[in-house]
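Here is how the chains run, residue by residue.
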Amino acid sequence: MTTVNTGAPAVAGEPTGQQDAATAPAPRPSRTARLRRGIAMVAVIATGAGVIGLGTGVGPAAAEAAPAHAGWDGSRYWFKNSQGEWRWTSHYSVYAARTGGGSPSAAKSSAGSSGGIKQGWDGERYWFRNSKGEWRWTSHYDIYLDRTGGGSDSDDERPAYFNDSVAEDRDVETAVQFALSQLGVPFRRAGNGPDGYDCSGLVQQSFRRGGIDLPRVANDQYAATTPIGASQLRRGDLLFWSPDGTPRGIQHVAIYLGDNDYVEAARPGTNIRVSEISSGYYPAYMGRP
């Protein structure tokens, strides 16, 4: 440890006239030593701060649990860098560029760099391919339908509920299309997406895409709708199941698609799916958002 001479005598009231070895000042470090010490300090600061130079809007996953998969987790976009380390950003354009999805700018998107882009709603915009096979996007559902002839890569192979029916209200149809775009996503208790939903979470998030606010819980969602009868059912209406037959006892909700079909997040262990109304499992209530 370096000691510093304070100028005080060794014995009170008795000046020594010189400093002994214990109190003599240490020799001034050479310029090279000072430079090395400065570099070491920068390294320590960099280590404490995490990774530097990731770019605006991108952060390391330091001190955070690694995500289950790349993509949106409800608050940020996750991806792995070239070293396989998890990084995140709140900017979709940065996420798309870092994952090979290209820029969200239509002029820069191409079929050769799709990077996992799928036709349809991605939670932020509608994606489709133009006549040259290049990826394009729009935030307007009517434009999307016009450019895709119904919104499917292979309309002829898809069930009727994708193409033959359209809700009377465009906002309701946006909700229906979002729900259908989540087919195959797993059921998750209290899930609000994007990697899992429960029944009311799927309904709430779907209608939110259409600008329609609904409560979070199934029985509250019923209370927020206009009750209707089976003969009035149309695409985009909500179906409710209640084990005890009362509105307060409602425990499940689904979105009606027409022709006796509905889309639902059914129960743990299943994925979002399209089911058919049956006499053995008939909804107790129906409502129109």
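Look up a bit, the structure's there.
These numbers were taken from a predicted model, which means no experiment stands behind them. (Residues numbered from 1 in each chain as written. Predicted model: local features only at pLDDT ≥ 70, side-chain atom pairs only at ≥ 80, totals over all residues. Heavy atoms only, no water.)

(A) Expanded view of the sheet that holds strand S13 (residues 285–288). Taken in spatial order, the six strands make up an open sheet running S8-S13-S9-S10-S11-S12, and their pairing is antiparallel. Of all the strands in the sheet, the pair left with one neighbour each is strand S8 (226–227) and strand S12 (273–276). Judged from the four bridges that link them, strand S11 (residues 261–264) and S12 form a sheet pairing that is antiparallel. Looking across to S12, one finds that Asp-261 is bridged to Glu-276. In the packing of helix H5 (residues 170–181) onto the sheet, the strands contacted are strand S10 (252–258), S11 and S12, and the crossing angle to S10 comes to about 110°. Each of strand S9 (238–241), S10 and S11 touches helix H6 (residues 199–209); the most contacted strand, S10, lies at about 50° to it. (Pairing = 2+ DSSP bridges. Helix = DSSP H or I, 4+ residues; strand = E, 2+ residues; numbered from the N terminus. Contact = heavy atoms within 4.5 Å. Axes fitted to C-alpha atoms, helices over the stretch in contact; angles between N-to-C directions.)

(B) Representation of the nonpolar core in the model. In terms of nonpolar packing, the biggest core is built from 29 residues, with Phe-207, Leu-238 and Ile-255 touching the most fellow members. Of all the secondary structure elements, the ones that give two or more residues to this core are H5, H6, helix H7 (218–223), S9 and S10. Contacts of Leu-238, omitting those with residues within four sequence positions, involve Val-203, Phe-207, Leu-214, Thr-225, Val-253, Ala-254, Ile-255, Tyr-285, Met-286, Gly-287 and Pro-289. The next biggest cluster of nonpolar side chains, apart from the first, holds nine residues, and it includes Leu-233, Trp-241, Ala-254 and Met-286. (Core = buried A, V, L, I, M, F, W, Y, C linked by side-chain atoms within 4.5 Å. Buried < 20%, exposed > 50% of the residue type's maximum accessible area, 1.4 Å probe, protein only.)

(C) Local environment of the pairing of strand S4 (residues 86–89). Here strand S3 (residues 77–80) runs beside S4; their pairing, made up of four bridges, is antiparallel. Within S4, the residue paired with Phe-79 across the bridge is Arg-87. In this antiparallel pair of consecutive strands, S3 and S4, the connection spans five residues, and Gly-84 shows a positive phi of 80°.

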